[in-house]
Amino acid sequence: MKKHPQERYWDAISGDYRAITRIDATDFHYGPLLAGERELRLLPPLRPGMDALELGCGEGQNSRWLARQGLRCVALDISEGQLAYARADAAAEGLAIDFRHGPIEAFEAPPASYDLITSSHAFEFVERPFDLVRRVAGWLRPGGWFVLSTVHPVYNGEWVSAEEEDGSETWGRLLVNYFRPIDDVREQPDGTPAPIASRAYPVSAWFNAFRAAGLRVARLEEPPAVRRPAYASDDWMEAFDECSAIPTTLILVGQKE
């Protein structure tokens, strides 16, 4: 069977991604260069026995963290390469997590199946993310929570530099059209013509999508970069000064009404 372009991309880079990326599995992470849950405190109250779903789990660090809190976890990812690491790490900890393979858009669940649904930097790769928000809301039990991290629209601009009067150089982000941010297009590592794109949307569009799906937005955050993030790599740390000047990640916490 022919692989989805996203599956090909993430499978191809999964080994290198694991080697160069540092994700603190003892904390719940929200995105590159950000503090984790210990500092941000964005998750709802967690109870053993709650049912949780992670969409776009990667190597499963967040689902492992939730499982250690006593939650029953289902974790979905499009990459078997990523899931192989996730399964091995969970098994090494003795954690029973239901890892599933497939694109987020194709996932199906009975109505009112979950108390908590999370996704960290996966929805920007979905073609119609707001339609998926409505489906996610249907999978939540009344009072259930959806915690979403996605790329901030400002971050999908272009880095530019300007020379100051004293001859120093200042870096900033140029966004030609806030309402139609530039797609971050990723090429296949083998050079074949099947690019994938990370797409950003205005903050108000995400807020309105949550409200239209029947989700009360309890928190909306644009966290700053921190020097000791839960999720980092050498490349991300090299970009710290630039990224600390703008929000890179948008986080929404919604509760089903």
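In this report, we go over the structure that sits alongside the text. (Residues numbered from 1 in each chain as written. Predicted model: local features only at pLDDT ≥ 70, side-chain atom pairs only at ≥ 80, totals over all residues. Heavy atoms only, no water.)

1. A few points about the overall build of the chain
Thought 1: The secondary structure content of the chain amounts to eight helices and 13 strands.
Thought 2: Relative to the globule expectation of 18 Å for 257 residues, the C-alpha radius of gyration of the chain, 18 Å, shows essentially globular dimensions.
Thought 3: Taken along the three principal axes of its C-alpha coordinates, the chain extends 60 × 40 × 35 Å.
Thought 4: Looking at the chain as a whole, 52% of its 257 residues qualify as buried.
Thought 5: Restricting the contact set of the chain to residue pairs at least 6 apart, pairs at least 24 apart contribute 71%.
Thought 6: Carbon and sulfur atoms provide 51% of the accessible area of the chain, an area that totals close to 12,200 Å².
Thought 7: Averaging the coordinates of the 27 positive side-chain charges in the chain and doing the same for the 39 negative ones gives two points 9 Å apart. (Helix = DSSP H or I, 4+ residues; strand = E, 2+ residues; numbered from the N terminus. Rg over C-alpha atoms; globule rule 2.2 N^0.38 Å. Buried < 20%, exposed > 50% of the residue type's maximum accessible area, 1.4 Å probe, protein only. Contact = heavy atoms within 4.5 Å. Areas by Shrake-Rupley, 256 points an atom, 1.4 Å probe, with all protein chains shown as cover. Lys, Arg positive; Asp, Glu negative; His and termini not counted. Charge placed at Lys NZ, Arg CZ, Asp CG, Glu CD.)

2. Here we look at a nonpolar patch on the surface
Thought 1: Side chains of Val160, Leu174 and Val176 sit close together on the surface and give an oily, nonpolar patch of about 270 Å² of accessible area.
Thought 2: In this structure, Val176 sits in the loop between strand S8 (169-174) and strand S9 (184-186).
Thought 3: Among the residues examined, Val176 registers a relative accessible area of 72% and is labelled exposed. (Patch = residues over 30% accessible without salt bridge, like charges linked within 9 Å, V, L, I, M, F, W, Y side chains within 5 Å. Salt bridge = Lys/Arg side-chain N within 4 Å of Asp/Glu carboxyl O.)

3. Concerning a negative patch on the surface
Thought 1: Together, Glu163, Glu164, Glu165, Asp166 and Glu169 give the surface a local cluster of negative charge.
Thought 2: Summarising the element assignment, Glu165 is placed in the loop between strand S7 (158-163) and S8.

4. Some points on the layout of surface pockets
Thought 1: What the largest pocket holds in volume is close to 1,000 Å³.
Thought 2: Surrounding the largest pocket, 46 residues form its lining, Trp10, Tyr17, Phe125, Arg186 and Tyr231 being those nearest its centre.
Thought 3: Where the lining of the largest pocket is concerned, the elements lending two or more residues are helix H1 (5-20), strand S1 (21-23), helix H3 (61-68), S9, strand S12 (231-233) and helix H7 (234-238).
Thought 4: The element best represented in the lining of the largest pocket is H1, accounting for seven residues.
Thought 5: Taken together, the residues that form the lining of the largest pocket break down as 19 nonpolar, 18 polar and nine charged. (1 Å grid on protein atoms, 1.4 Å probe; cavity = no way out; pocket = protein on both sides within 12 Å on 5 of 7 lines; lining within 4 Å. Points joined across faces, edges and corners; volume = space filled by probe spheres on them. Nonpolar A, V, L, I, M, F, W, Y, C, P; charged D, E, K, R; others polar.)

5. Thoughts on helix H6 (residues 203-212)
Thought 1: When H6 is considered as a whole, its buried residues turn out to be Val203, Trp206, Ala209 and Phe210. On an axial view of H6, the arc spanned by its buried residues comes to 130 degrees, and they lie on one face.
Thought 2: Buried positions along H6 lie against helix H5 (129-139), strand S6 (140-151), strand S11 (215-221) and strand S13 (249-256).
Thought 3: Positive backbone phi, approximately 85 degrees, marks Gly214, located one or two places after H6. (Arc of directions from axis to C-beta.)

6. Topic: the pairing of strand S5 (residues 114-120)
Thought 1: Counting buried residues along S5, seven of its seven residues qualify, which places the element largely inside the surrounding structure.
Thought 2: Note that strand S2 (residues 51-55) and S5 share three bridges and pair parallel. If you follow Glu54 over to S5, its bridge partner there is Thr118.
Thought 3: Sheet analysis places S5 next to S6, joined by six bridges and oriented parallel. The residue bridging Leu116 from the neighbouring strand is Trp145, located in S6. (Pairing = 2+ DSSP bridges.)

7. Some points on the pattern of salt bridges
Thought 1: Taken as a whole, this structure holds 24 salt bridges when the rule is applied.
Thought 2: Asp27 is the partner of Arg38 in a salt bridge, and the nearest nitrogen-oxygen pair spans 3.8 Å. In this pair, Arg38 sits in helix H2 (residues 37-40) while Asp27 sits in the loop between S1 and H2, placing the two residues eleven residues apart along the sequence.
Thought 3: A residue is classified by how much of its surface remains accessible, and Arg38, at 54% relative accessible area, is exposed.
Thought 4: Between Asp51 and Arg141 there is a salt bridge, with its nearest N and O atoms 3.0 Å apart. You can see Asp51 sitting in strand S2 and its partner Arg141 sitting in strand S6, a full 90 residues away along the chain.
Thought 5: Assessed through its relative accessible area of 13%, Asp51 is described here as buried.
Thought 6: Each member of the salt-bridge network shares a partner with another, and the members are Arg18, Glu59, Arg64, Arg68, Asp89 and Glu93.

8. As for the sheet that holds S11
Picture the strands of a sheet paired through backbone hydrogen bonds; they go either parallel or antiparallel.
Thought 1: Here we have seven strands laid out as an open sheet, ordered S4-S3-S2-S5-S6-S13-S11, and mixed in their pairing. Only two strands of the sheet have a single neighbouring strand rather than two, namely strand S4 (98-101) and S11. Neighbour to neighbour, the strand axes of the sheet diverge by 15 degrees on average, direction disregarded.
Thought 2: Alignment of S11 against S13, held across six bridges, turns out to be antiparallel. Counterpart to Arg219 in the pairing with S13 is Val253.
Thought 3: Contacts between H3 and the sheet are confined to S2, strand S3 (72-77) and S5, with S3 contributing the most and set at about 175 degrees to the helix.
Thought 4: Contacts from H5 reach S2, S5, S6, S11 and S13 within the one sheet, and its direction differs from that of S6 by about 145 degrees. (Axes fitted to C-alpha atoms, helices over the stretch in contact; angles between N-to-C directions.)

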